[in-house]
Amino acid sequence: MAELSVRCAGIALRNPLLLASGIWGESGESLVGAWKAGAGGVITKSIGSFPRPGYPNPTIESYDRWGMLNAMGLPNPGIEEYPQEIAIALGAGATVIGSVFGGDAAEFANLAAAMAKTGVCAIELNLSCPHAQGYGSEIGSDPTQVEEIVRAVTRAVPLPVIAKITPNATDPAGLAAAAERGGAAAVSAINTLRALAIDVELRRPVLSHRLGGLSGPAIKPIGLACVWQIRERVRIPIIGVGGIASGRDVLEYLMAGASAVEIGTQVAFEGIGAFGRIGRELSELLESLGFARASDATGAAHSATS
Amino acid sequence: MAELSVRCAGIALRNPLLLASGIWGESGESLVGAWKAGAGGVITKSIGSFPRPGYPNPTIESYDRWGMLNAMGLPNPGIEEYPQEIAIALGAGATVIGSVFGGDAAEFANLAAAMAKTGVCAIELNLSCPHAQGYGSEIGSDPTQVEEIVRAVTRAVPLPVIAKITPNATDPAGLAAAAERGGAAAVSAINTLRALAIDVELRRPVLSHRLGGLSGPAIKPIGLACVWQIRERVRIPIIGVGGIASGRDVLEYLMAGASAVEIGTQVAFEGIGAFGRIGRELSELLESLGFARASDATGAAHSATS
Amino acid sequence: MRTIVTVQERVAETPSTVTLRFPYAPAAAPGQFVMVWIPGDDELPMSLSYTEGASKGITVKAMGGTSRNVQRIETGTRLGIRGPYGNQFDPSPKRILIVAGGSGAAVLAPGAERAIAGGAKVTVALGATTEAELLFRERFATMGAAVEVTTDDGSAGARGYVTVVVEPLLATHAFDAVWSCGPEIMMRKVALLARARGVASYGSVERQMKCALGMCDACALGPFHVCVEGPVFSTEKLLELPEFGAFKRDPAGRRVRL
Amino acid sequence: MRTIVTVQERVAETPSTVTLRFPYAPAAAPGQFVMVWIPGDDELPMSLSYTEGASKGITVKAMGGTSRNVQRIETGTRLGIRGPYGNQFDPSPKRILIVAGGSGAAVLAPGAERAIAGGAKVTVALGATTEAELLFRERFATMGAAVEVTTDDGSAGARGYVTVVVEPLLATHAFDAVWSCGPEIMMRKVALLARARGVASYGSVERQMKCALGMCDACALGPFHVCVEGPVFSTEKLLELPEFGAFKRDPAGRRVRL
Ligand SMILES: Cc1cc2nc3c(=O)[nH]c(=O)nc-3n(C[C@H](O)[C@H](O)[C@H](O)COP(=O)(O)OP(=O)(O)OC[C@H]3O[C@@H](n4cnc5c(N)ncnc54)[C@H](O)[C@@H]3O)c2cc1C
Ligand SMILES: Cc1cc2nc3c(=O)[nH]c(=O)nc-3n(C[C@H](O)[C@H](O)[C@H](O)COP(=O)(O)OP(=O)(O)OC[C@H]3O[C@@H](n4cnc5c(N)ncnc54)[C@H](O)[C@@H]3O)c2cc1C
Ligand SMILES: Cc1cc2nc3c(=O)[nH]c(=O)nc-3n(C[C@H](O)[C@H](O)[C@H](O)COP(=O)(O)O)c2cc1C
Ligand SMILES: Cc1cc2nc3c(=O)[nH]c(=O)nc-3n(C[C@H](O)[C@H](O)[C@H](O)COP(=O)(O)O)c2cc1C
Ligand code: FES
Ligand code: FES
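Residues numbered from 1 in each chain as written. Chains lettered and ligands numbered in written order. Predicted model: local features only at pLDDT ≥ 70, side-chain atom pairs only at ≥ 80, totals over all residues. Heavy atoms only, no water.

**Re the packing of aromatic side chains**
All names here are of chain C. Going through the model one piece at a time under the given rule, you end up with 12 aromatic pairs over all chains. Ring plane angle 45 degrees and centroid distance 5.8 Å describe the contact between Phe 33 and Tyr 85, whose orientation is recorded as tilted. Taken together, the positions of Phe 33 in strand β4 (residues 33–38) and Tyr 85 in strand β7 (residues 78–85) put the pair 52 residues apart, joining distant regions of the chain. In this structure, Phe 33 and Tyr 85 share a single accessibility class: buried. Seen from the ring of Tyr 50, Arg 21 lies directly overhead, with NZ or CZ sitting 3.8 Å from the centre. Looking at Arg 139, its charged tip hangs above the ring of Phe 136, at a distance of 4.7 Å from the centre. (Phe/Tyr/Trp six-rings, centres within 6.5 Å; stacked < 30°, edge-to-face > 60°. Helix = DSSP H or I, 4+ residues; strand = E, 2+ residues; numbered from the N terminus. Buried < 20%, exposed > 50% of the residue type's maximum accessible area, 1.4 Å probe, protein only. Lys NZ or Arg CZ within 6 Å of the ring centre and 35° of its normal.)

**Here we look at the packing of helix α8 (residues 247–256) of chain B against helix α10 (residues 274–288) of chain B**
All names here are of chain B. Two elements in contact, α8 and α10, have axes whose closest approach is 7 Å; the angle formed by their N-to-C orientations is 60 degrees. The handedness of the crossing between α8 and α10 is right-handed. Counted together, Gly 247, Arg 248, Val 250, Leu 251 and Leu 254 of α8 and Ile 278, Glu 281, Leu 282, Leu 285 and Leu 286 of α10 form the full contact between these two elements. Here the contact of α8 with α10 is built from residues that sort into seven nonpolar, one polar and two charged. (Axes fitted to C-alpha atoms, helices over the stretch in contact; angles between N-to-C directions. Left-handed = near helix turned anticlockwise from the far one by under 90°. Contact = heavy atoms within 4.5 Å. Nonpolar A, V, L, I, M, F, W, Y, C, P; charged D, E, K, R; others polar.)

**Quick notes on the relation of the copies chain A and chain B**
Overlaying chain A on chain B yields an RMSD of 0.0 Å, the required transformation being a rotation through 180 degrees with an accompanying axial translation of 0.0 Å. Both copies are brought into coincidence by an operation consistent with a two-fold rotation axis. Here 100% of the interface residues in chain A have copies in chain B that are interface residues too; the copies meet face to matching face. (Least-squares fit on C-alpha atoms with pLDDT ≥ 70 in both.)

**Examining the arrangement of the chains**
The highest contact count of any of the five pairs of chains in contact belongs to chains A and B. Contact between chain C and chain D is absent, and the least distance between their C-alpha atoms amounts to 27 Å.

**Some details on the domain arrangement of chain C**
All names here are of chain C. What the domain assignment lists for chain C is domain 1 (2–85) and domain 2 (95–257). Put simply, the middle of domain 1 and the middle of domain 2, counted by C-alpha atoms, are 20 Å apart. Tallying the contact residues gives 24 residues for domain 1 and 20 residues for domain 2. At the boundary of domain 1 with domain 2, total buried surface from both sides reaches about 1700 Å², with 61% on carbon and sulfur atoms. Across the pair Arg 114 and Glu 52 runs a salt bridge, and its minimum N-O distance is 2.9 Å. Counting across the domain 1 and domain 2 interface gives seven residue pairs in polar contact (both at pLDDT 80 or more). If one sorts the elements of the side of domain 1 that touches domain 2 by residue count, strand β5 (residues 42–50) sits on top with six residues. Here the side of domain 1 that touches domain 2 is built from residues that sort into 10 nonpolar, nine polar and five charged. (Domains from an automatic or database assignment. Buried area = accessible area lost by both parts, 1.4 Å probe. Salt bridge = Lys/Arg side-chain N within 4 Å of Asp/Glu carboxyl O. Polar contact = N/O pair within 3.5 Å; in protein donor to acceptor, adjacent residues only side chain to side chain.)

Below, the structure written as structure tokens:
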């Protein structure tokens, strides 16, 4: 079997499959569940300065097995209460990455500092949620702000910082370059794409927030393009996210330039068993294609002679 | 049966279903075929100043029935030879919209002027192809250039001008607003999303151009979000494009703010009969929901009380 | 993913509870729930109080804003329905004790009907604040269950919480299974009583629900997601969880006391 | 949508033509084509010269850059295959005249095999520039077809274009169908000869192909898309089209003379 353990952003991961932020990440027990199911690491729900209930329901629209639309509205218990959940996950031995979202560099830095004290091994900055006023992609699509926020956070915490990049931007690779300049240890890409569903019988948007974010297989080709373009622009490692449902999908992301990946929506379609299955598929596929290690596949498609 | 004829950008359409640019639009006979199959109007392949062979194959990757990736590379016979194809379509009585792509305002204006002479009823500006260096979204994601190009074209031609907006931008609605300022009679949204597919066995991108554009059902929620946001920003009519496969999809676009729609990829999945079927579905659905006219549905979802 | 249905029948069951019936074809089992979208308001998880055939039903107790608004819904109103989701009560035991508090009867009634149709003997301990609030008292009687009633104010049946009749019932009758649904403090008590008597026991629990797809974590209960692995659990499993009968999560995911 | 296959067998059929065999499971019919991706080079439409069973084959004549490169492909090389696409030759007629020019034999051979297996009597008029370039002469003979050969230089069979034998064959034999594939000028001639004799006639035509999905319009031929409604057409239909035997479209979509 091919070697699945990877290093990414200075973190040792037992395999490259991370639980994406916002999926199973609100409770410590769920983080443990994902870890036990075989995730290489778990990323918490994005945590803010104060408790947020999120938007009213409906917050989800699902399209068969190829896509999912959500506008949860960043519900989270707030940075004061959340550390108890992380403690549970760390207690079970999980590799935990803490995700935070803020409205400006100072808030991000404060949150990251508090998150760093919980014992997480890295911080992911949600610069990319497409449906939260004053947060996420509203600030994350401006390279100047991205650089400033990443710099403030890297100064405030001794941990590797991962900037999560939005695809809802003219030049996602430019945002990754800004994060690199700011001192990010890695970037993750992509978050969801701004999207909408309308109920024609009721003549209204389905989600209470109207606009939401599209995830799932539908966005995999878009995530791959972002990772590809980022790889051509930056030298820090990339974590690929978006629509991963199989070991083959993971390998596509690795070959496009990713060192690790995050898996989200597939958990809704399949359950947490997705981690074990995808890990097995990846291992077998690497083996059959002659890769001794998952890390050997990173960027492999860039070197193909045309 | 509900009344399907609509007016959009000053053009009378027998129904709101237009053949999208780049599909069946290289030959006059194919334009006639789409018209006879029931399209409310046909948009030509995007035509440039000179003949272009497009990129080498592979130019297409298809994902079951939910998506399609292409990087044709804007193949076209050039504006000198193309008018003979339009003549064939006009000879059969088709409502023809001429699509052009250029590298700057002057080239767009020249092309549009030549196109206007062929007898088309409107000009669509391709400001949004995601995979052609120096064309399409490379210039179409900058509001200043969009405004300038649209202004140059509206001054050069006596016909309604439709600006086709890219979703590969931080603020597609801002681009639509720029087009409106420039004098566009309407905007169409969206073109394809920058995307990539990798063949893991061969360790290389599938398309010869590597990056391509994603179309089909996968992008419908993204197209709807763009149309929704554009409707909140501009007053000119909107033509909805992206992933339409049913009458219900059309109605979603209308309710999001569109006055007409374009259909592309579904033709590959179903054949040109898609126009007849979708038109029938739309008519029945409008009827069953109490709309006497398709145009009554335009923007209906914006007025829902929350 | 949602089906828009039109409410075809509305029954005011008690002063604070209404049943809405609507055509909804997907097969459902007793214990399962649907997500009910009240356009312009909210989307709530609701157990199906009628699971058989094409005319499904929900029975909603006025708790807060939305469930209070639901009381005013008339026939002809359109709702968005998705589901059914979650697991079900196993209707095969032959002697079943059902313990229903408050709107819990809504969850348990279709299971009781299916069990009786399958030849089971069903006893129902039905509790409410006051006589007028006893939910489905008639329905349980009509289907052939033996019904024991309690009210907090003593206006009907025994005075006190429903648990006052559960202990004597367990002491005097043999049961193969206990099913309970109601306030968790009550369910916890019933679970302990059943365990003391060695009777298999199942409870339907409620948590915040947003996605109902096992993704968002809103409904996390220990290692479980109520929307997928619940809402029906063996109470032996529930008793192992420190939060059972003790706390739930609010919409922000904070742990709050029940 | 593509399957990566490995070339398992390579046969140099003529100095300018090579057959590549590879495992490819999807069912295919004679006349259908696949899109063949030569990684790092191009993707070309190629008729299946072997359609039966899991080992499919293509037979490629060196025309330009890519098809010339294909000649150098060895076993073990990986190709991307999608399809099969398009329609097929109807193998039910009992007396078939096959007219093959150049690489046309690649398209027609599997249909001849299937027709003979179904009991048909098949006559093949096989033309090439010179004897060494006669494609599948052996294969046609082995399957039981009567083969009449022509070469431009007279090195084998009758001297001249393949049409020189078609007219006498049509005059002296009764046929239920004519199948042709080769240069369009030749096919047009055959079509006219068949029409003069009142014999049903079908031809397989080639056009630019990009999507092969009936979308991009590269293969437009009159009102048809060769990738979906072709490549096999009744020549009666083809004769109605001014472009048949006269012009095609280049990759830019310009009309160019054949
Ligand atoms: C699987 C499942 C099935 C359900 N089935 C039913 C059903 O069949 N019938 C039914 O009436 N309800 C049912 N519920 C509960 C229902 O979904 C709502 O929680 C309830 O209607 C209150 O909604 P609200 O928005 O009006 O209350 P809110 O406005 O959110 O809350 C109002 C007040 O009531 C309290 N409250 C809310 N819910 C509860 C509760 N469940 N227990 C105790 N206090 C509460 C709140 O804390 C608050 O103080 C079910 C819940 C789940 C998870
Ligand atoms: C449905 C279909 C099935 C086909 N099946 C086969 C097959 O079984 N075997 C096979 O060898 N080819 C077949 N072809 C043709 C093949 O796809 C290519 O067109 C051919 O191999 C030339 O490709 P190239 O890139 O090497 O030529 P290019 O480099 O594009 O062209 C080289 C030169 O050859 C000329 N040329 C190219 N193609 C043709 C042609 N078809 N006829 C006349 N001149 C031409 C060009 O005009 C140019 O002068 C088929 C085509 C279609 C559409
Ligand atoms: C329900 C849901 C909630 C999410 N919440 C967050 C979040 O809190 N923070 C964040 O950075 N990303 C969030 N995301 C985005 C995912 O982490 C991920 O980037 C995206 O869903 C694409 O991956 P997928 O296709 O595998 O789901 C959320 C996604 C979903 C579907
Ligand atoms: C093969 C192909 C070629 C296209 N060519 C063009 C083009 O030349 N000009 C243009 O403006 N859009 C072009 N498009 C984009 C479509 O017009 C349309 O905007 C897009 O495909 C989304 O609609 P759909 O999902 O219905 O296909 C092309 C799309 C495809 C799939
Ligand atoms: S409601 Fe989202 S996980 Fe259960
Ligand atoms: S090859 Fe694209 S339409 Fe035929």
